[in-house]
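# Overview (structure and organization)
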Amino acid sequence: MQPMLYLLKPADEDPPVVCPESALVEGLLVYYPAILDAVGVKRIGFARPRPDLVAALGEAYQGAPVLHFPKGAETPADAEATPEGERFLAGPDAIASYFASLGLAGRLAS
């Protein structure tokens, strides 16, 4: 089973509102489409609660972007964990660094 990448879709407002952190990760997916072979992607709405994230990580972990690792999967040393033991990477820097460590993407410039 693959890790699941959760990204926020642009909010359905006029004009649309975009999550800059999710947009950065979306850009990585465009630059490096091989990432899509290594992870699943779910684009979720802005509104809370965010049922997909609550189901995966619990009520307290609804921020995005987030990369959730399946139980038993090898995870990077810097992955965070919920009290129930679900492992994940949060934010574009951690997610981009993970993809770079796999050789799937370039690293973000500092």
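Preceding this section is the structure that the text describes.
What follows covers the sheet that holds strand E1 (residues 4-8). Paired through their backbone hydrogen bonds, the strands of a sheet run either parallel or antiparallel. Spatially, the 5 strands line up as an open sheet ordered E2-E1-E3-E5-E4, and their pairing is mixed. Single-partner strands in this sheet number two, and they are strand E2 (40-44) and strand E4 (80-81). Relative to strand E5 (residues 87-90), E4 runs antiparallel, the two sharing 2 bridges. Residue pairing in the sheet places Glu80 in a bridge with Phe88 of E5. Against the sheet, helix H1 (residues 20-31) makes contact with E1 and E2, and its axis sits at roughly 125 degrees relative to E1, the strand it touches most.

The next point concerns the nonpolar core. A general tendency of soluble globular proteins is for nonpolar side chains to be buried together. Grouped together as the largest cluster of nonpolar side chains are 16 residues, with contacts concentrated most on Leu5, Ile35, Leu67, Leu89, Ile95 and Phe99. Broken down by element, this core gets its largest block of residues, 4 residues, from helix H4 (residues 92-101). Ignoring any residue separated from it by four or fewer positions in sequence, one finds Ile95 in contact with Leu5, Val25, Pro65, Val66, Leu67 and Leu89. Among the nonpolar cores identified, the runner-up in size contains 10 residues, and Leu8, Cys19, Leu57 and Phe88 belong to it.

The rules behind these values
Residues numbered from 1 in each chain as written. Predicted model: local features only at pLDDT ≥ 70, side-chain atom pairs only at ≥ 80, totals over all residues. Heavy atoms only, no water. Pairing = 2+ DSSP bridges. Helix = DSSP H or I, 4+ residues; strand = E, 2+ residues; numbered from the N terminus. Contact = heavy atoms within 4.5 Å. Axes fitted to C-alpha atoms, helices over the stretch in contact; angles between N-to-C directions. Core = buried A, V, L, I, M, F, W, Y, C linked by side-chain atoms within 4.5 Å. Buried < 20%, exposed > 50% of the residue type's maximum accessible area, 1.4 Å probe, protein only.

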